[in-house]
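# Descriptive structure summary
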Amino acid sequence: MTPAAISFYEGQGRLLEMIARGAALKDTLDRLSLLIEAQSEGLYCSVLLLDAESRRIHPVAGPRLPAAYMRALEGAAIGPDVGSCGTAMHFRRTVIVADILEDPLWAPYRALAAPHGLRACWSAPIVSKDDVVLGSFAMYYKEVRRPNDDETGLLAMAANIAGIAIERQRREDELQRYQGRLEALVAQRTDELQQAMLEQRAIFDNATTAIFLVKDRVIQRCNRRLEELLGYSPGELNGQPTRVYFPSDAAWEAFGEAAYARIAAGAGFVADTEIQRKDGSCIWTTAFGTAVDPTDLRKGSVWVGVDISERKRTEEALKAALMEQRAIFDNVNAGIHVVRDRVTQRCNRGFEAMLGYAPGELDGRSTRVYFPSDAAYDDFGRRAYAPIADGHAYIGEIELVCKNGERRWFASHGSVIDPQHPASGTIWISHDVTERRRAEAALQELLLEQQALLDHSAIGIAFVVERVIVRVNGELERMLGYDAGEMKGRSTRCWYTSEEEYEAIGAALAPVARAGGVYSRDMELVRRDGSRLWCSVHAKGIQADRPELGGVCVMQDISGRKQAEAALVAANERLERGLAEVEQTRAEISQLAELSSFLQACATAAEAHAAIADYAPRLFPGSGGALYLQDDSGVELMNEVLRWGERPLVAHFMNDECWALRRTQPYRLDQPSSARCCAHVAAGHRSVGPCACLPLLAQGKIFGLLYVEHAAVDGGRADARHRLAVALAEQCALALANIGLRETLRQQSIRDPLTGLYNRRFMAETIRRELARAARQGAGLAVAMVDVDHFKRFNDTYGHEAGDLVLQAIAQLLEGHVRQSDVACRHGGEEFVLLLPGLSQARAEQRALELLREIRALAPTHGGRPLGPISASIGLALFPQHGRTPEALIEAADAALFRAKAAGRDRVLVA
Ligand SMILES: Nc1nc2c(ncn2[C@@H]2O[C@H](COP(=O)(O)OP(=O)(O)OP(=O)(O)O)[C@@H](O)[C@H]2O)c(=O)[nH]1
């Protein structure tokens, strides 16, 4: 053996020793590479490991190969053409590449090896004893080269030693991993055990269930819960026989027999048991018992007790509820059935009876049996199960077929039994509504008929509930001007004329409706546009004792009748008014005629005035007024001659203060204003009523004015009243004018036209009257006959006119000289007579002398010339001493005058 061979064998020995010693794998494989490289010049070795899982390369030794090259191999995947090593490992055979640059196996790695000058690479797979590829051993040369047999053997040997080292290392790694896992497992188990012990302790101490250890039916140890459960203080139960919590010896023994027989058989024992607390009360518990060691019962048993009183109560309640539910299920007046997958699971008797099936006959049958057709069955399935699938209930009415073929309608309510578990099926509750539907159909028909009746009725009809319109017919809508359906839902207020009427009729109607009567009245209804319509309304409650059902109102348009009635009433009123007016006019005419008659009878204006003042207020009740006459002085002045009523009227006014006088026509003011009132009326500064100024005309000339101020209210007779006032004014004018005329004529008949004194005829009448009065009163009467001395001379000297002037001057003197009761007359020619009632002779003589003096004092002129001295002679005769008749007295006075003339004139002589 050569030294090289010896060295090689020694090297192998050290290598195996390293392996046996457990040296690090890299060190061992580096040493192996160096040992092999030492056997040939220019040889470079490498060892690659194969990751069994990913089939990827991991370089582990190559002490003389370039480090960059070795790093580049890291992670490369093996395959059928991956250089020498990758291919060797892939095919599990030695791969000899003589020229890396030429061999196709190196195509992917050629660029990697070339820079380092590597040309040949022989690689052998490293295979474990159990035929697993562990890696590869490679030999490189920087020249093109093929191995000889020795080199092939060396390659195989190196791969074998590397396999031993790798396997050894892998076993070691595995052992260490196993040990590590074992240790971790032990640590984990220890922790778990400790945790379990802690938990057990915690459970024992804090458990909500009672836990206790029993040996020979004596409590060895128990947790607090058992003590609490049985009402004992801490530690009090330890050492106590289990008999303490049994209500009787019998119960204790029976429990013991049952429980320990099972525990002895190695099985657990579970039972619900009633146990007794320290205070004697009993509770239900579930007891679980097991032997501590089934192989050795002497070690005792562990018991867990759970208070199930609440559960028992719940069970009782549940039982009761189930019984109730059963009772409901069996007796409820509804069909109940439980369906799953459209198959009847069970149903109550009610449901079977509804469809005419015998008890239990429907159970397990498809619900199709009671549908009239497949189509109906499918349709119902779609309609009903869609909402149920969405978690809603199905509520609807369906038509089903009874066993005898009769079809009936059912109201059904279906819902899933357990929403959490829809597959649990559905429960259906059904009511037979066939009769109701028939009734509804009949009702609907009736309603349609009723509606037709309503719609074609010629009277308005409304159904009202709590004063809200629920239905009306077309006629009522037409009558009140609403569109179809517009009245429905409105308050009946809509047709009342006021809130007060709404309330009042509501109050009046209610008791009538309650008594079952009909409330009727004619009333004005308000139409939609606000206009009104007279209707005859009849209202009645649907049912007297059920006001909540409302009532029916029947309304008939009576506007035509109302108009006719109104027209009749108006005509009647007009007629009555006309009659009243005629009557009043007649009465007024009668009054006026009466007044006229009076006025005609009036001898004087004063009498006429009194009559007018009396009749005017009767003709115009409540009126006031006055009669004015033109002042006879020639001034345009009106003077009041009479008045009536309470009006502050002026007594005089100028003619131009009156519009009637200015315009010579009546002036009427029905609504006087200060602007339009006459000044003589407005002078009072007061509120003036309807008034009229009526001129009094005679022969086309105004001689007076009648002013009438009426009562404020005229009763619609302003025109008639005015006509009456005009007529009154005419009557007044006529009468006063007549009286005036008569007066004038009379004056003319009794007055001397030249002197204005009474004439001889008047004197003859008067002396007779005065004599009668004097005789009646026993008074005296003096008659003085006055004659102008030598009157003829005046005529002759100054002319007849001058004579007249003298006569007028004396007449004026006589007129002014006499008293109220005296009468001065022209007896004829230049002779005058004075009648002086009640005078004595002396007084009469004195008056006669005074008269003569005054005559002598007269100094009339004519044409600027004085007419010379005037004197007269007077003859006096007195009643009764000189005569008792007018003739006797006149004669006596005349005789005395004669004597006075004869005695020289200008003197007085008594008869
Ligand atoms: N101017 C005028 N003369 C009248 C009127 N009436 C009568 N006479 C006149 O009066 C006169 C009266 O005259 P006599 O009767 O003679 O008396 P006498 O002249 O007055 O004289 P004595 O009486 O004796 O003093 C007559 O001449 C009449 O013509 C009259 O109305 N006017």
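Under an unreviewed UniProt entry, the chain has the name Diguanylate cyclase and belongs to Pseudaquabacterium terrae.

## Brief notes about the pattern of salt bridges
Here the structure, examined in full by the defined rule, presents 57 salt bridges. Across the salt bridge formed by glutamate 143 and arginine 145, the nearest N and O atoms sit 3.1 Å from each other.

## As for the site of the ligand
Taken together, 16 residues sit near the ligand, with His790, Phe791, Lys792, Asn795 and Arg905 positioned nearest. Arginine 826 has a polar side-chain atom sitting 3.1 Å from an oxygen atom of the ligand. Put simply, the parts of the chain that give the shell around the ligand at least two residues each are β27 (781–788), α21 (791–798) and α22 (800–817). The biggest single contributor to the shell around the ligand is α22, with four residues. Here the shell around the ligand is composed, by residue class, of three nonpolar, five polar and eight charged.

## Considerations on the pairing of strand β21 (residues 624–630)
In terms of burial, β21 is a largely internal element, six of the seven residues being buried. Note that β21 and strand β26 (residues 701–709) share six bridges and pair antiparallel. Within the sheet, the bridge partner assigned to tyrosine 628 lies in β26 and is leucine 705. The pairing of β21 with strand β22 (residues 637–644) spans six bridges and is classified as antiparallel. Considered in β22, the bridge of glycine 625 is made with tryptophan 644. Hairpin connection, β21 to β22: the antiparallel pair is bridged by six residues, and glycine 634 has positive phi, about 100°.

## Re α22
Along its 18 residues, α22 runs 26 Å from first to last C-alpha, staying within 8% of the 26 Å computed at 1.5 Å per residue. The complete set of buried residues in α22 reads Ala802, Gly803, Val806, Leu807, Ala809, Ile810, Ala811, Leu813, Leu814 and His817. Packed against the buried residues of α22 are β27, α21, β28 (823–828), β29 (831–837), α23 (841–856) and β30 (861–862).

## Overview of the packing of helix α20 (residues 760–777) against helix α24 (residues 886–902)
At a minimum axis separation of 10 Å, α20 and α24 run at an interaxial angle of 110°. In terms of their interaxial angle, α20 and α24 are classed as roughly perpendicular. Taken as a pair, α20 and α24 cross one another with a handedness that is right-handed. Contacts between α20 and α24 involve Met763, Ile767, Arg768 and Leu771 from the former and Pro886, Glu887, Leu889 and Ile890 from the latter.

## Re a nonpolar patch on the surface
Taken together, Tyr178, Leu182, Leu185 and Val186 make up a surface patch of nonpolar side chains, about 370 Å² in accessible area. Tracing the backbone through its elements, the reader meets leucine 185 in helix α6 (residues 149–206).

## Some words on unusual backbone geometry
Cis geometry marks the peptide bond from phenylalanine 879 to proline 880, where omega comes out at 5°. Along the chain, the position of proline 880 falls in the loop between β32 (872–879) and α24. Backbone geometry at aspartate 131 places phi at a positive 65°, although glycine is not the residue there. By the secondary structure assignment, aspartate 131 is in the loop between β4 (120–127) and β5 (133–141). Of note, histidine 790 is a non-glycine position whose phi angle comes to about 50°, a positive value. Residue position: histidine 790 is located in the loop between β27 and α21.

## Quick notes on the sheet that holds strand β19 (residues 532–541)
Spatially, β17-β16-β20-β19-β18 is the arrangement adopted by the five strands of the open sheet, whose pairing is antiparallel. The sheet is open, and its two edges are formed by β17 (468–472) and β18 (518–526), each paired on a single side. Within the sheet, the average angular offset between the axes of one strand and its neighbour, ignoring direction, is 30°. Examined bridge by bridge, strand β16 (residues 460–465) and β17 share four bridges and lie antiparallel to one another. Directly across from alanine 462, in β17, lies its bridge partner valine 472. Of the strands in this sheet, β16 and β17 touch helix α12 (residues 434–455), which is tilted by about 90° from β17. Here helix α14 (residues 499–514) sits on the sheet and contacts β18 and β19; the angle it forms with β18, its principal contact strand, is near 160°.

## Some remarks on the packing of aromatic side chains
Summed over the entire model, instances satisfying the criterion amount to 26 aromatic pairs. Consider the rings of phenylalanine 269 and tryptophan 303, whose centres lie 6.1 Å apart with planes at 70°: the pair is edge-to-face. With phenylalanine 269 in strand β8 (residues 269–276) and tryptophan 303 in strand β10 (residues 301–307), the pair connects residues that are 34 residues apart, well separated along the chain. Side by side, phenylalanine 269 and tryptophan 303 carry an identical accessibility label, which is buried. Geometrically, the ring pair formed by tyrosine 496 and tyrosine 502 is edge-to-face, given 5.5 Å between the ring centres and 75° between the ring planes. The pair formed by tyrosine 496 and tyrosine 502 is uniform in burial state, with each residue classed as buried. One aromatic cluster is present, formed by Phe351, Tyr370, Phe371, Tyr377, Phe380, Tyr385, Tyr394 and Trp428 through successive ring pairs.

What counts, and where the lines are drawn
Residues numbered from 1 in each chain as written. Predicted model: local features only at pLDDT ≥ 70, side-chain atom pairs only at ≥ 80, totals over all residues. Heavy atoms only, no water. Salt bridge = Lys/Arg side-chain N within 4 Å of Asp/Glu carboxyl O. Near = heavy atom within 4 Å. Polar contact = N/O pair within 3.5 Å; in protein donor to acceptor, adjacent residues only side chain to side chain. Helix = DSSP H or I, 4+ residues; strand = E, 2+ residues; numbered from the N terminus. Nonpolar A, V, L, I, M, F, W, Y, C, P; charged D, E, K, R; others polar. Buried < 20%, exposed > 50% of the residue type's maximum accessible area, 1.4 Å probe, protein only. Pairing = 2+ DSSP bridges. Expected span 1.5 Å × (residues − 1). Contact = heavy atoms within 4.5 Å. Axes fitted to C-alpha atoms, helices over the stretch in contact; angles between N-to-C directions. Parallel < 35°, antiparallel > 145°, perpendicular 65-115°, else oblique. Left-handed = near helix turned anticlockwise from the far one by under 90°. Patch = residues over 30% accessible without salt bridge, like charges linked within 9 Å, V, L, I, M, F, W, Y side chains within 5 Å. Areas by Shrake-Rupley, 256 points an atom, 1.4 Å probe, with all protein chains shown as cover. Phe/Tyr/Trp six-rings, centres within 6.5 Å; stacked < 30°, edge-to-face > 60°.

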